[in-house]
Amino acid sequence: MLLAELVDAFKVDYKFECLKRDTKEIYLTDKYLALMLSKTVSDLQKRLGIIEVSSTLTSTNGTQAYSISSSFMNPKAVLYDSYPLEKKSTQWIKEQYAQTGTPTCYAIQYEDRTAKLFLYPTPNSSETILLTGNYNYQLYSPSGGSTQDFGVFDGTSFSSNTVLPTQYDAAMLLGMMKQIFKDVGQDYDREISLLRVRQYNGEKFTYELGQEKYDKIPLTYSAGVTVLNEDFATKEIRITATYGGAITTDYTKGWNVAPTFVDDGSKIIITSSGEFSISKTQVDKNDDDADAYQVVGDETNTIHVNYYGADYGYMTIRIRVW
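Quick look at the structure, then. Note that the structure is predicted; figures quoted are calculated from it, not measured. (Residues numbered from 1 in each chain as written. Predicted model: local features only at pLDDT ≥ 70, side-chain atom pairs only at ≥ 80, totals over all residues. Heavy atoms only, no water.)

1. What about the sheet that holds strand β8 (residues 114-120)?
Move 1: One open sheet accounts for 4 strands, arranged β2-β8-β7-β5; its pairing is mixed. With partners counted over all chains shown, the strands left at the sheet margins are β2 (65-67) and β5 (86-87), one partner each.
Move 2: Bridge count between β5 and strand β7 (residues 105-111): 2 bridges; the pairing is parallel. Residue pairing across strands places E86 opposite C105, the latter belonging to β7. (Pairing = 2+ DSSP bridges. Helix = DSSP H or I, 4+ residues; strand = E, 2+ residues; numbered from the N terminus.)

See below:
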């Protein structure tokens, strides 16, 4: 839904709600509607983690702390030179003996409204650091220009699409309404519960019913922040690999030519005819000892899921492309 359409729908809904309650309408300026909308978008993101982003940094020899983008609520994962780091507290890192080398741990500390990434050991070389996490939507700021986190608003008119996928439109309307009529909060919470069930049933693949855990590895090395997670992938495939055995396809949709899979003894090589996308491909897997990344040339053809020769038993891998 376009942003202007969503606001118009809210105005109609609000008028009808006032008629039902025999309550006089409050005149809501466009700027106040923008603030209400931004509050709702921010709340939905905090509760559901709808949009994920990634950002890259470059380590510096001898530098332990790095400022990170305010777009992150809190990074979910940090990869150093493609290898995942273990999360620790800043107190733990500061209590360790000074040491340089390849980092194995990280911590996040907030001070003076700025987030900093601490690495341990302190890097001794220049490598790529990839951070992923939920996007942190800021509230409407009249001095922030027409491009706001919730969409485009020039102070008098709304334009562009909403920043959240269309299945969240009803929740956005209810979230705005509950800021006026508090009892609507029950309907809002119910809608969020329904959306969360859809996530658990596979829309986002954070957790799968049946207690299989999926770790999301976003495949992007572009500079800045790139939105990675949206609903309704156009292409999807799920496979199950058995260590030393067969690789079977459990589910597939939308591919012009379905990807092929080969296990070379240290990694599973997934090959496509140019149908992967550097900023819109997501790999989920349920094995904590394996990692995934894109590797070849234009980064549209091949994905490797490394397991370094370890006996993983069986592993489920899901690939989604938008």
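2. Concerning helix α1 (residues 3-21)
Move 1: Across its 19 residues, α1 extends 27 Å between first and last C-alpha, which sits within 8% of the 27 Å expected from 1.5 Å per residue.
Move 2: Every buried residue of α1 is accounted for by L3, L6, V7, F10, Y14, E17 and C18. Seen along its axis, α1 keeps its buried residues to an arc of 110°; they face one direction. More than 90 degrees from the buried face of α1, the exposed residues found are V12, L19 and K20.
Move 3: Packing partners of the buried residues in α1 comprise α2 (30-48), β12 (151-153), β13 (158-159) and α4 (169-177).
Move 4: Following α1 by one or two positions, D22 has its phi on the positive side, about 55°. (Expected span 1.5 Å × (residues − 1). Buried < 20%, exposed > 50% of the residue type's maximum accessible area, 1.4 Å probe, protein only. Arc of directions from axis to C-beta. Contact = heavy atoms within 4.5 Å.)

3. Notes on the packing of aromatic side chains
Move 1: For the coordinates displayed, the defined rule picks out 7 aromatic pairs.
Move 2: On the numbers, 5.8 Å between centres and 90° between planes, the contact of W92 with Y120 is edge-to-face. On the criterion of sequence distance, the pair formed by W92 in helix α3 (residues 90-95) and Y120 in strand β8 is long-range, its members being 28 residues apart.
Move 3: Plain terms: the ring middles of Y140 and F150 are 6.2 Å apart, the flat faces sit at 75° to each other, and that makes the pair edge-to-face. (Phe/Tyr/Trp six-rings, centres within 6.5 Å; stacked < 30°, edge-to-face > 60°.)

4. Focus: the environment of D189
Move 1: Mapped onto the elements, D189 comes out in helix α5 (residues 185-203).
Move 2: For D189, a relative accessible area of 36% gives the class partly exposed.
Move 3: Sequence separation of D189 and A171 is 18 residues, and the distance between their C-alpha atoms is 8.7 Å.

5. Some details on the pattern of salt bridges
Move 1: Enumeration according to the criterion identifies 12 salt bridges in this entry.
Move 2: The shortest N-O distance in the salt bridge between E236 and R318 comes to 3.8 Å. Residue E236 is located in strand β18 (residues 235-242), and its partner R318 is located in strand β25 (residues 314-321); the two are separated by 82 residues in the primary sequence.
Move 3: Under the relative-accessibility criterion, E236 is labelled buried at 10%.
Move 4: Several salt bridges share partner residues, and in doing so they unite E17, K20, R21 and D183 into one network. (Salt bridge = Lys/Arg side-chain N within 4 Å of Asp/Glu carboxyl O.)

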